[in-house]
Amino acid sequence: MTLLTVESLKVGYGDLIAVRDVSFTVKPGEIFVLLGANGSGKTTTLRAISGLIRPIAGRIAMEGEALGAIKPHAVARLGISHVPEGRRIFPNLSVDDNLTVSYLPTRTDKSLRAILDEVYGLFPRLRERHKQMAGTMSGGEQQMLAIGRALMNCPKLLMLDEPSLGLSPVMTDLVFERLEAISNQGLTILLVEQNASAIDLATSGVILSNGVVSMAGDRAALSSTQYIQKAYLGV
Ligand SMILES: Nc1ncnc2c1ncn2[C@@H]1O[C@H](COP(=O)(O)OP(=O)(O)OP(=O)(O)O)[C@@H](O)[C@H]1O
Ligand SMILES: [Mg+2]
């Protein structure tokens, strides 16, 4: 059983091919990592899955159903939530309002209050600051809010684009630990990272280099790659 299938994906911008022949599958319950250096095609891959860019070729399927030329709002309704690079939040809205506007009642029978309580249960820091203007929160708090917003859709698949970007190591650990807690609640996660320590959370994943998959495997297999070894050991 696979939740998400990406097959021979090719995506470009004008003449530039950013991603070519990328294939992977994400199984339910996994924390699947998409690792790679700057410009390796991580964001492009996520944007193609979300329907934000039309691939040149390839197939993307959710629970066996091909997404085709689907629009982003329809992707969200299928249960795919995307926390974009740079955490898109509404800076002039309160934490409460940021979460409330992201609620998708068509996805769930749960009330707004019930889901808000779940998100605040995962991120007590957000509950403490529920009336604060989002733009005045710290980078780490804004990342928590961006993840909280994605959870308001009650997704089946949570995709995150470099949630550790710009965060201190302590805050990165806290965010990663929360992702594990979210995963333990049964949600499937597709985590894009440049930060090699994301491997510690992963069940499996791929490493992208210059738009192609250079390595695929489970955590143990990925850990032995040069990408991870270099980051950890400087070898
Ligand atoms: N809107 C765009 N127009 C033209 N080229 C783009 C555009 N967005 C990305 N690219 C190019 O596509 C390639 C892949 O970019 P992408 O943003 O997917 O990489 P990334 O792995 O997410 O990198 P980073 O870690 O820096 O976020 C790069 O060469 C980039 O310059
Ligand atoms: Mg990126």
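Structure's up top.
This is a predicted model, so every value here is computed, not measured.

Visitor: Please clarify how the sheet that holds strand E4 (residues 57-62) should be interpreted in this entry.
Guide: In a beta sheet, neighbouring strands pair by backbone hydrogen bonds and run either parallel or antiparallel. Here we have four strands laid out as an open sheet, ordered E2-E1-E4-E5, and antiparallel in their pairing. For this open sheet the edge positions go to strand E2 (16-26) and strand E5 (65-66), each flanked by a neighbour on one side alone. With five bridges connecting them, strand E1 (residues 4-13) and E4 associate as antiparallel partners. Residue Lys10 lies in a different strand from E4, and its bridge partner there is Ala57. Here helix H1 (residues 42-49) sits on the sheet in contact with E1, E2 and E4, set at roughly 115 degrees to E1.

Visitor: Could you clarify how one ought to interpret the environment of Leu179 in this entry?
Guide: Inspection of the secondary structure puts Leu179 in helix H7 (residues 169-184). Separated by 36 residues in the primary sequence, Leu179 and Met215 have C-alpha atoms spaced 23 Å apart. With residues up to four places along the chain from it excluded, the contact list for Leu179 reads Ile31, Ile189, Leu191 and Leu201.

Visitor: Would you take a moment to explain the sheet that holds strand E8 (residues 188-193) for this structure?
Guide: Strand order in this open sheet of six strands is E6-E7-E8-E3-E9-E10, and the pairing throughout is mixed. Two strands close off the open sheet at either side, each with one partner strand: strand E6 (80-83) and strand E10 (212-218). Strand-to-strand twist in this sheet, taken as the mean axis angle between neighbours without regard to direction, amounts to 15 degrees. The pairing of strand E3 (residues 31-36) with strand E9 (residues 204-209) spans five bridges and is classified as parallel. Paired with Leu35 across the two strands is Ile207, which belongs to E9. Of the strands in this sheet, E6 and strand E7 (157-161) are in contact with helix H6 (residues 139-151), which crosses E6 at around 165 degrees.

Calculation notes
- Residues numbered from 1 in each chain as written.
- Chains lettered and ligands numbered in written order.
- Predicted model: local features only at pLDDT ≥ 70, side-chain atom pairs only at ≥ 80, totals over all residues.
- Pairing = 2+ DSSP bridges.
- Helix = DSSP H or I, 4+ residues; strand = E, 2+ residues; numbered from the N terminus.
- Contact = placed C-beta atoms within 7 Å.
- Axes fitted to C-alpha atoms, helices over the stretch in contact; angles between N-to-C directions.

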